[in-house]
Amino acid sequence: PAPYRFASVRLRRPATGWFPACRLSLDPGAARGWAVLVIDVEERNSIVISGLTLGISEGLNNSTDSTADPVPYLGATLTETNLFGTGARLSLGGLGSTRGWGLDLEYDNPRLLPRRYGLRAGGFMQRARPYFGNDPLLAGECPDDLVGCMEERAARNAVVFYQRGGIVLGTGHELGAVTRFDLDWQGEVLDLRSRPEAASERRGSETRPIDWHIHDGVSYLSMVRFGLTFDRRNDPALPSRGVYARFQSEVAHRLIGSDYDFLRAQLVFRAWQPLPRQHSLRFGLFFGAVVGNAPFPYLFQISDLTDLIPARVQGIPLARRAAP
C-alpha cells in the first residue's frame, strides 16, 4: 500500500547514513488517482574514517616506572559507504605496532544479487601476541628465530605468538523497512608459531594450568554465521532516538572442514531516549555465550565488556594489563 511505502522511505533514509536531510512531497500524477513522490536530499561525504585506534599496550604507574614496556600501537579503518553511488560499502582497516599487525578488507553490496539479495566478501591477515595469565609460572624455551620471545617471557604474562588469515563470503536480505538478516561463511587458517610448553597461574588458593585455546601448529576453522538486525535509529552515526537490536550466532564443525567445534551466540540491544537541549540517554544490554572448543579469538574477553582497558581491534588484543 502507498502509505506503507511512504513510511518505508522515511525509515530507510536515516539508515543509509548518506543524507543529513531528506524532504518528501507529493505532486499530481499523469492520471486521476496517481501521484508522484518527490524526494529531495542533501548528500554528505561518503568517505569516512570509521575507526581510529591509538594508545600504548601497558599502563604506567609514574614517569619513572622501569618495569613496564609501553609499546605504542596505531590503527585506522577507511570506509567508502556509497561506492560509485551504488550503495555498496568498501572498507580497508589496518593496525600496527612492534608486537603485531593486522589488515582487513571488506566489500558489501546490499542489493547486488537477484531478488535484492546482497553480496559480502572480505579477507583478513594478522600476526599478534595474545596474553594469558597474571604472573604465571612458565616452562619451555624460546625459538632462536622468534624476535621478542625472550622479552615476553620475562614479562608478567604467558604470551602466544600466532598468525591467522581468512576469507568471508556471505549474503543478506531485507525483511522489511527496518529488519535484515545476514548469512556468511568464514574460513581461516591459524598458525601457532610459539608458546610456552606449559604454564600455570594461581587463582585464589588453587594453581591451575593455562588453556591456550588453539591447536599446535597449523589448524583450520570453517564456520557459518547468521545475523538478524532490527534498526530504527534516526541516525546510524550519532543516534538520539530509536532502537537497535542484533542477534548473531556462529557455528563451526568438522563436517564443514573445521578443526574446532563450537557454537557462539550474542545479543546486543540499545535504545535512545531524547532529553532536553539536544541530549539523549542510551540504554544497553549485551548477552553472549560460547559452547565447545572455540579458539581464543572467538572467546569473550574482559576488554570486550569494559571501557577501562582498550578493546580488541580485528580480534587483536591491544593491552596486556588486566581491568581494575
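Our subject is the structure listed above.
Model, not experiment: these values are computed from the prediction. (Residues numbered from 1 in each chain as written. Predicted model: local features only at pLDDT ≥ 70, side-chain atom pairs only at ≥ 80, totals over all residues. Heavy atoms only, no water.)

## A word on the pairing of strand S7 (residues 117–128)
One face of the sheet, then the other: side chains in a regular strand alternate in exactly this way.
Line of reasoning, step 1. Note: strand S6 (residues 100–113) against S7, ten bridges, orientation antiparallel. If you follow leucine 113 over to S7, its bridge partner there is tyrosine 117.
Line of reasoning, step 2. Following S6, the chain reverses through three residues before pairing antiparallel with S7; arginine 115 in that reversal takes a positive phi of roughly 60°.
Line of reasoning, step 3. The pairing of S7 with strand S11 (residues 161–174) spans nine bridges and is classified as antiparallel. Among the inter-strand pairings, phenylalanine 124 is bridged to a residue of S11, identified as glycine 166. (Pairing = 2+ DSSP bridges. Helix = DSSP H or I, 4+ residues; strand = E, 2+ residues; numbered from the N terminus.)

## Concerning the pattern of salt bridges
Close approach of charged atoms allows side chains of opposite charge to pair.
Line of reasoning, step 1. Tallied over the entire structure, the rule returns 16 salt bridges.
Line of reasoning, step 2. One continuous salt-bridge network, built from bridges that share partners, spans Arg89, Glu106, Asp108, Arg120, Arg180, Asp182, Asp184, Arg225, Arg246, Glu250 and Arg264. (Salt bridge = Lys/Arg side-chain N within 4 Å of Asp/Glu carboxyl O.)

## Details of empty space enclosed by the protein
Line of reasoning, step 1. In the structure shown here, the tally under the stated rule is one cavity of 30 Å³ or more.
Line of reasoning, step 2. Empty space within the largest cavity amounts to approximately 140 Å³.
Line of reasoning, step 3. In terms of lining residues, the largest cavity is bounded by 16 residues, among which Ser97, Arg99, Gly100, Ile316 and Pro317 are the most central.
Line of reasoning, step 4. Listed by contribution, the elements that provide at least two residues to the lining of the largest cavity are strand S4 (72–83), strand S5 (88–97) and S6.
Line of reasoning, step 5. Of all the elements, S5 adds the most residues to the lining of the largest cavity, at three residues.
Line of reasoning, step 6. Here the residues of the lining of the largest cavity are counted per class, giving ten nonpolar, four polar and two charged. (1 Å grid on protein atoms, 1.4 Å probe; cavity = no way out; pocket = protein on both sides within 12 Å on 5 of 7 lines; lining within 4 Å. Points joined across faces, edges and corners; volume = space filled by probe spheres on them. Nonpolar A, V, L, I, M, F, W, Y, C, P; charged D, E, K, R; others polar.)

## Description of the layout of surface pockets
Line of reasoning, step 1. In this structure, the second largest pocket spans a volume of roughly 830 Å³.
Line of reasoning, step 2. Surrounding the second largest pocket, 34 residues form its lining, Tyr131, Phe132, Gly133, Gln301 and Ile302 being those nearest its centre.
Line of reasoning, step 3. Those elements that place two or more of their residues in the lining of the second largest pocket are strand S8 (131–132), strand S13 (198–203) and strand S14 (206–209).
Line of reasoning, step 4. Tallying contributions element by element places S13 first for the lining of the second largest pocket, with three residues.
Line of reasoning, step 5. For the lining of the second largest pocket, the class distribution of residues is 18 nonpolar, seven polar and nine charged.

## Focus: the sheet that holds S7
Line of reasoning, step 1. The sheet built from eleven strands is open, its strands ordered S3-S4-S5-S6-S7-S11-S12-S15-S16-S17-S18 with antiparallel pairing. Each edge of the open sheet carries a strand with a single partner, namely strand S3 (47–56) and strand S18 (279–292). Averaged over all neighbouring strand pairs, the angle between strand axes comes to 10°, with direction disregarded.
Line of reasoning, step 2. Both strand S15 (residues 218–231) and strand S16 (residues 242–252) contribute to a ladder of nine bridges, which runs antiparallel. Each residue of the ladder has a partner; that of arginine 225, found in S16, is glutamate 250. (Axes fitted to C-alpha atoms, helices over the stretch in contact; angles between N-to-C directions.)

## Some words on the pairing of S18
Line of reasoning, step 1. With zero of its 14 residues buried, S18 lies for the most part at the surface.
Line of reasoning, step 2. Here strand S17 (residues 262–275) hands over to S18 after three residues, with arginine 277 in that stretch at a positive phi of 60°. (Buried < 20%, exposed > 50% of the residue type's maximum accessible area, 1.4 Å probe, protein only.)

## Quick word on the packing of aromatic side chains
Line of reasoning, step 1. For the structure shown, the criterion picks out seven aromatic pairs.
Line of reasoning, step 2. With a centroid separation of 5.0 Å and an interplanar angle of 85°, the aromatic rings of tyrosine 162 and phenylalanine 296 are classed as edge-to-face. Placement of the pair is tyrosine 162 in strand S11 and phenylalanine 296 in the segment after S18, with a sequence separation of 134 residues. In this structure, tyrosine 162 and phenylalanine 296 share a single accessibility class: buried. (Phe/Tyr/Trp six-rings, centres within 6.5 Å; stacked < 30°, edge-to-face > 60°.)

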